[in-house]
Amino acid sequence: MLAADTLRYSLSDAERWAAFSGDYNPIHFDAARAQRLGLTGLCVHGMRAMLDMKSALSTSREKHGVRAEGLMFTSRLREPVLCDTLYRLPVRETLRDDGVQLSASLRHAQTQQASISSKLTPTQALVLPPVTQVNTLGAQELATLHAQFLAVGSPVVPAWSFLDAVLFRQLVNAPRTLETVHSLLPSVQANSLGDIFTLVQVVQTHHETHFSPRLLTQTEQGQRFGAIHYAIRPTLVMGEKQRGMVLLAGIQAWQDGEPLMSVAVTLKTGPLTE
């Protein structure tokens, strides 16, 4: 039996996250491909590992009960999280003038090397910029996604962790996000960014989520949801194709005119060729 702060991911964890998110990057399922990219074995998605970090940080946040106008979750993905490898997840609390900053590191149990470092920090209230193209996730669709999400891991999760995962899913599978990739690689045949993951080396390096404190509440099986609206922001591209590109993709969500969440994801590609 593993200790409370000890984690071990398996191929099944990667398969369940891929089924939910649509992210079938071969480094999670093709051992030969993973080895060609310098990995010692298959690795689980960084977004899947972050679910445990979000739950640990939210639990620590509940202990303090300090009010905040907004909350910011930031995460840096430093090293692949290998399957069938023991990791530890210590949480550290730091008192600041504006409240308690919580930090967590997913560390290799033997080497103590940090694979992912995350923080949950009080910040200003979320304000969303105006958008021109609005999408909607209805109550029934959210309920279906929630049931699929709970199959990934814990049956009880913070609402912000669920919404963050949903928005990542929408971002990966949205045609608008793919428009940027088509401008870089017009000959590549793909219907979503998730398809690109199977064709081009892509890794996530950073994840940032600014959200309303109302989303700290827990969700459970059979939860009822109201419809939410979301908008995908234009993708920023930096770098050169021959050396690899950095893509900054973003998405924001609101409900009944009230801002809920803004997510920014940084992706790094390998060299791009036609």
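See the structure printed just above.
The shown structure was predicted, so the numbers you read here are calculated from the model rather than taken from an experiment.

So, how was this worked out
Residues numbered from 1 in each chain as written. Predicted model: local features only at pLDDT ≥ 70, side-chain atom pairs only at ≥ 80, totals over all residues. Heavy atoms only, no water. Buried < 20%, exposed > 50% of the residue type's maximum accessible area, 1.4 Å probe, protein only. Helix = DSSP H or I, 4+ residues; strand = E, 2+ residues; numbered from the N terminus. Pairing = 2+ DSSP bridges. Axes fitted to C-alpha atoms, helices over the stretch in contact; angles between N-to-C directions. Parallel < 35°, antiparallel > 145°, perpendicular 65-115°, else oblique. Contact = heavy atoms within 4.5 Å. Nonpolar A, V, L, I, M, F, W, Y, C, P; charged D, E, K, R; others polar. Expected span 1.5 Å × (residues − 1). Salt bridge = Lys/Arg side-chain N within 4 Å of Asp/Glu carboxyl O. Core = buried A, V, L, I, M, F, W, Y, C linked by side-chain atoms within 4.5 Å. Left-handed = near helix turned anticlockwise from the far one by under 90°. Polar contact = N/O pair within 3.5 Å; in protein donor to acceptor, adjacent residues only side chain to side chain.

K.L.:
How do you make sense of the pairing of strand β15 (residues 258–269) when you look at a structure like this?
P.N.:
The two faces of a sheet get side chains in turn, since along a regular strand they alternate between them. In terms of burial, β15 is largely enclosed, as 9 of its 12 residues are buried. Bridge analysis of strand β11 (residues 202–211) against β15 gives 9 bridges, and the strand direction is antiparallel. Within β15, the residue paired with His206 across the bridge is Thr266. Where strand β14 (residues 244–255) and β15 come together, 10 bridges link them in antiparallel fashion. Its bridge partner lying in β15, Gly250 is registered against Ala264. The turn linking β14 back onto β15 is made up of 2 residues, and Asp256 within it adopts a positive phi angle of 50°.

K.L.:
Could you clarify how one ought to interpret unusual backbone geometry in this entry?
P.N.:
With the exception of glycine, most residues fall at negative phi, and the peptide bonds are largely trans. Positioned with a positive phi, Gln112 is a non-glycine residue whose angle comes to about 65°. Within the element layout of this structure, Gln112 appears in the loop between β7 (99–108) and β8 (114–123). Classification of Gln112 as partly exposed rests on a relative accessible area of 40%. Residue Asp256 is not a glycine yet carries a positive backbone phi of 50°. Relative to the helices and strands, Asp256 is located in the loop between β14 and β15. With relative accessibility at 76%, the residue Asp256 sits in the exposed group.

K.L.:
Hey, could you run me through the packing of helix α1 (residues 11–21) against helix α5 (residues 159–173) in this one?
P.N.:
Relative orientation of the contacting elements α1 and α5 amounts to 65°, with a least axis distance of 9 Å. Classified by the angle their axes make, α1 and α5 are roughly perpendicular. Across the interface between the two elements, Trp17, Phe20 and Ser21 of α1 pack against Ala165, Val166, Phe168, Arg169, Val172 and Asn173 of α5. Broken down by class, the residue content of the contact of α1 with α5 amounts to 6 nonpolar, 2 polar and 1 charged.

K.L.:
Explain helix α3 (residues 46–64) to me, please; I cannot follow it from the model alone.
P.N.:
One full turn of an α-helix is made of 3.6 residues, so residues set three or four places apart face in the same direction. Here α3 contains 19 residues, and its C-alpha end-to-end distance of 27 Å stays within 8% of the 27 Å for a straight helix at 1.5 Å per residue. Within α3, the full set of buried residues consists of Gly46, Met47, Arg48, Ala49, Met50, Leu51, Met53, Lys54, Leu57, Ser58, Ser60 and Arg61.

K.L.:
Looking at this structure, I do not really get the pattern of salt bridges. What am I missing?
P.N.:
Pairing is possible between side chains that carry opposite charge, provided their charged atoms lie close to one another. Taken as a whole and assessed by the stated rule, the structure comprises 5 salt bridges. A salt bridge links Asp13 to Arg16, with the shortest nitrogen-to-oxygen separation between them at 3.0 Å. A residue pair is termed a helical-turn pair when its members lie 3 or 4 positions apart in one helix, as Asp13 and Arg16 do in helix α1 at 3 residues. By relative accessible area, Arg16 is classed as partly exposed at 36%. Between Glu258 and Arg214 there is a salt bridge, with its nearest N and O atoms 3.0 Å apart.

K.L.:
Any chance you could explain the nonpolar core here in plain terms?
P.N.:
Side chains of a nonpolar character, in soluble globular proteins, are inclined to be buried together. Of all hydrophobic cores here, the largest spans 66 residues; its most connected members are Trp17, Leu106, Phe149, Phe211 and Met261. When residues of this core are assigned to their parent elements, the largest contribution, 10 residues, is made by α5. Excluding residues within four positions of it along the chain, Phe211 makes contact with Gly70, Leu71, Phe73, Leu120, Leu126, Trp160, Leu216, Leu260 and Met261.

K.L.:
Got a minute to help me understand the packing of α3 against α5 in this structure?
P.N.:
How two helices pack is summed up by the angle between their axes together with the distance between the axes. In contact at an axis separation of 10 Å, α3 and α5 are set at 155° when each is read in the N-to-C sense. Judged on the interaxial angle alone, α5 and α3 are roughly antiparallel. For α3 against α5, the interelement crossing comes out right-handed. Across from Met47, Leu51, Lys54 and Ser58 in α3, the residues of α5 making contact are Trp160, Ser161, Asp164 and Phe168. Per-class residue counts for the contact of α3 with α5 are 4 nonpolar, 2 polar and 2 charged.

K.L.:
How should the environment of Ala231 be read in this particular structure?
P.N.:
Of note, Ala231 is situated in strand β13 (residues 228–240). Judged by relative accessible area, Ala231 falls into the buried class, the value being 1%. Residues Ala231 and Val134, 97 residues apart in the sequence, show an inter-C-alpha distance of 5.2 Å. Setting aside chain neighbours within four positions, we find Ala231 in contact with Val131, Gln133, Asn135, Ile251, Gln252 and Trp254.

K.L.:
Just checking my understanding: could you explain the side chain of Ser75 for this structure?
P.N.:
Along the chain, Ser75 turns up in strand β3 (residues 70–77). Polar side-chain contacts of Ser75 include one of 2.7 Å to the side chain of Ser118. Other than its neighbours up to four places away in sequence, Ser75 contacts Met50, Ile116, Ser117, Ser118, Thr205, His206 and His207.

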